[in-house]
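One-letter residues, chain by chain:
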Amino acid sequence: MTVLDGILARKVDEVAARRAAEPDAALAARAAAAPPPRGFEAALSPRGGPLRVIAEVKRASPSAGAIRAGLDAVAQARRYAAAGAAAISVLTDGPGFGGSLDDLMAVRAAVDVPLLRKDFVVDRYQLLEARAAGADAALLIVAGLAQDDLRRLLDGCGELGLAALVEVHDDAEAERALAAGARIVGVNNRNLHTFHVDLATSERILPSLPAAVKGVAESGVRTPEDAARLRRAGAANLLVGEALVRAEDPAALLRALGEA
Ligand SMILES: O=P(O)(O)OC[C@@H](O)[C@@H](O)c1c[nH]c2ccccc12
């Protein structure tokens, strides 16, 4: 069993426990009462457009361990927004990443930019949670979903007004994402089974996506040189976590990545 398989199994249990505490209908009512979603898709750059950055709030990860244990999610999100982040990604997985839905809600209350709920979605319930917490988009990881579940969850996002960032790691997954109707495709440079990071993954797959699909290069972007390399390969959007959280001046790094 790989790390991804372990996390997905844990998610099924997590959702069952939360559903027992708050049934779908009650959660759906909270989601319906949330302020309308902001335009996550519109905030991203089209193919050939200027480089835009989705900046991530990430305390820890299974691959890196603790990144910044005492990270203040709200203060970090404010830095990102002030530095011109197109959107902010908030990890909401607790055991693996030190995040929570409380982080997402606190960030929502503090900034106006579109927010992505970054988690391992296996159930529509998590989309309702995302919307109730004020998220504008949710991550769907193709590697973790059967095709009919991917379709169902993409439809669920549409019904709730959430954008879906559909994550792939190879050509077969990219085809599955497009077949399911993804409009925003993230190419994860990190293999979620082995944690090996290779920017060539985005360099290869992003140019093969249809021009109408918004592409995002995810993971392993540390320097303006990395950003420039991806831009040359046609990347218009970058999702950056660890390097921004580790940076002494996250705003300066974010601006430098966007100007690469
Ligand atoms: O911290 P990095 O290497 O800049 O990566 C950010 C983001 O791409 C990464 O956190 C991520 C991409 N896909 C995920 C799926 C689940 C959890 C985390 C992720």
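Residues numbered from 1 in each chain as written. Predicted model: local features only at pLDDT ≥ 70, side-chain atom pairs only at ≥ 80, totals over all residues. Heavy atoms only, no water.

1. A look at the site of the ligand
Lining the immediate surroundings of the ligand are 17 residues, of which Glu56, Lys58, Glu167, Ser219 and Glu242 lie closest. For the ligand, an oxygen atom lies 2.7 Å from a polar atom in the backbone of glutamate 242. Protein chains shield 98% of the accessible area of the ligand, which is 440 Å² for the free molecule. Secondary structure elements with two or more residues in the shell around the ligand: β6 (137-141) and β10 (237-240). A per-class count over the shell around the ligand returns six nonpolar, four polar and seven charged. (Near = heavy atom within 4 Å. Polar contact = N/O pair within 3.5 Å; in protein donor to acceptor, adjacent residues only side chain to side chain. Areas by Shrake-Rupley, 256 points an atom, 1.4 Å probe, with all protein chains shown as cover. Helix = DSSP H or I, 4+ residues; strand = E, 2+ residues; numbered from the N terminus. Nonpolar A, V, L, I, M, F, W, Y, C, P; charged D, E, K, R; others polar.)

2. Some points on the UniProt feature "domain: Indole-3-glycerol phosphate synthase" (unreviewed entry) in the protein
The sites that carry the UniProt feature "domain: Indole-3-glycerol phosphate synthase" (unreviewed entry) are, in the present numbering, residues 4-257. In the segment residues 4-257, helix accounts for 46% and strand for 17%; the C-alpha atoms at its two ends are 29 Å apart. (UniProt positions renumbered as here; feature names shortened; annotations may be inferred.)

3. A few points about the nonpolar core
Ranked by size, the top nonpolar core spans 70 residues in total, and within it Tyr80, Ile88, Leu140 and Leu238 carry the most contacts. In this structure isoleucine 88 touches Ile54, Ala55, Val57, Ala77, Tyr80, Ala81, Val111, Val113, Pro114, Leu115 and Leu116, once residues within four positions along its chain are discounted. Core analysis: the next-biggest nonpolar cluster, separate from the first, contains 20 residues, Ala137, Leu139, Ala163 and Leu192 among them. (Core = buried A, V, L, I, M, F, W, Y, C linked by side-chain atoms within 4.5 Å. Buried < 20%, exposed > 50% of the residue type's maximum accessible area, 1.4 Å probe, protein only. Contact = heavy atoms within 4.5 Å.)

4. Points about helix α8 (residues 147-160)
Taking 1.5 Å of rise per residue, the 14 residues of α8 would be expected to cover 20 Å, and the 20 Å separating its terminal C-alpha atoms lies within 8% of that figure. If you check which residues of α8 are buried, you get Leu150, Leu153, Leu154, Gly156, Cys157 and Leu160. One side of α8 holds all its buried residues, which, seen down the axis, span an arc of 155°. Of the residues in α8, the exposed ones pointing more than 90 degrees away from the buried face are Arg152, Gly158 and Glu159. With its phi angle positive at about 80°, glycine 161 sits one or two positions after the end of α8. (Expected span 1.5 Å × (residues − 1). Arc of directions from axis to C-beta.)

5. Remarks on the sheet that holds β6
Strand pairing in a sheet takes place through backbone hydrogen bonds and is either antiparallel or parallel in direction. Pairing within the closed barrel is parallel, and its eight strands lie in the order β1-β4-β5-β6-β7-β8-β9-β10. Sheet twist, expressed as the average angle between the axes of neighbouring strands with direction ignored, equals 25°. Here β6 pairs with strand β7 (residues 163-168) via five bridges, running parallel. In the strand pairing of β7, alanine 137 is matched with alanine 163. Contacting β1 (52-57) and β4 (87-91), helix α4 (residues 73-82) runs over the sheet at an angle of about 170° to β1. (Pairing = 2+ DSSP bridges. Axes fitted to C-alpha atoms, helices over the stretch in contact; angles between N-to-C directions.)

6. Observations concerning the packing of α4 against helix α13 (residues 250-258)
In a packed pair of helices, the relevant descriptors are the angle between the two axes and the axis-to-axis distance. The geometry of α4 relative to α13 is characterised by a closest axis approach of 9 Å and an angle of 35° between their N-to-C directions. The two elements α4 and α13 meet at a crossing, and its hand is right-handed. For the pair formed by α4 and α13, the contact residues are Gln76, Arg79, Tyr80 and Ala82 on the first element and Pro250, Ala251, Leu254 and Arg255 on the second. Residue composition of the contact of α4 with α13, by class: five nonpolar, one polar and two charged. (Left-handed = near helix turned anticlockwise from the far one by under 90°.)

7. Considerations on the pairing of strand β8 (residues 184-188)
Counting buried residues along β8, five of its five residues qualify, which places the element largely inside the surrounding structure. Alternating positions in β8 separate into two faces, Ile184, Gly186 and Asn188 on one and Val185 and Val187 on the other, with burial throughout. Bridge analysis of β7 against β8 gives four bridges, and the strand direction is parallel. Paired with glutamate 167 across the strands is glycine 186, a residue of β8. At this point the chain moves from β7, through helix α9 (residues 171-180), to the parallel β8, and the crossover so formed is right-handed. The pairing of β8 with strand β9 (residues 214-218) spans five bridges and is parallel. Bridge pairing links isoleucine 184 to lysine 214 in β9. In this view, the connection linking β8 to its parallel neighbour β9 by way of helix α10 (residues 200-205) has right-handed handedness. (Right-handed = clockwise from strand over helix to strand, strands pointing away.)

8. Topic: the environment of aspartate 24
Residue position: aspartate 24 is located in helix α2 (residues 24-33). For aspartate 24, a relative accessible area of 31% translates into the label partly exposed. The sequence separation of aspartate 24 and tyrosine 125 amounts to 101 residues, and the corresponding C-alpha distance is 6.7 Å. Excluding its chain neighbours within four sequence positions, the residues that come into contact with aspartate 24 are Arg19, Tyr125 and Leu128.

9. A short note on helix α6 (residues 101-110)
Residues spaced three or four apart along an α-helix face the same direction, because each turn holds 3.6 residues. Considered for burial, the residues of α6 that qualify are Asp103, Leu104, Val107 and Arg108. Along the long axis of α6, the arc covered by the buried residues comes to 135°, so they all point the same way. Set apart from the buried face of α6 by more than 90 degrees, the exposed residues are Asp102 and Ala109. Those residues of α6 that are buried are in contact with α4, β4, β5 (115-118) and α7 (124-132). Measuring from the side-chain oxygen of the N-cap residue of α6 to the backbone nitrogen of aspartate 102 gives 3.3 Å; that N-cap residue is serine 100.

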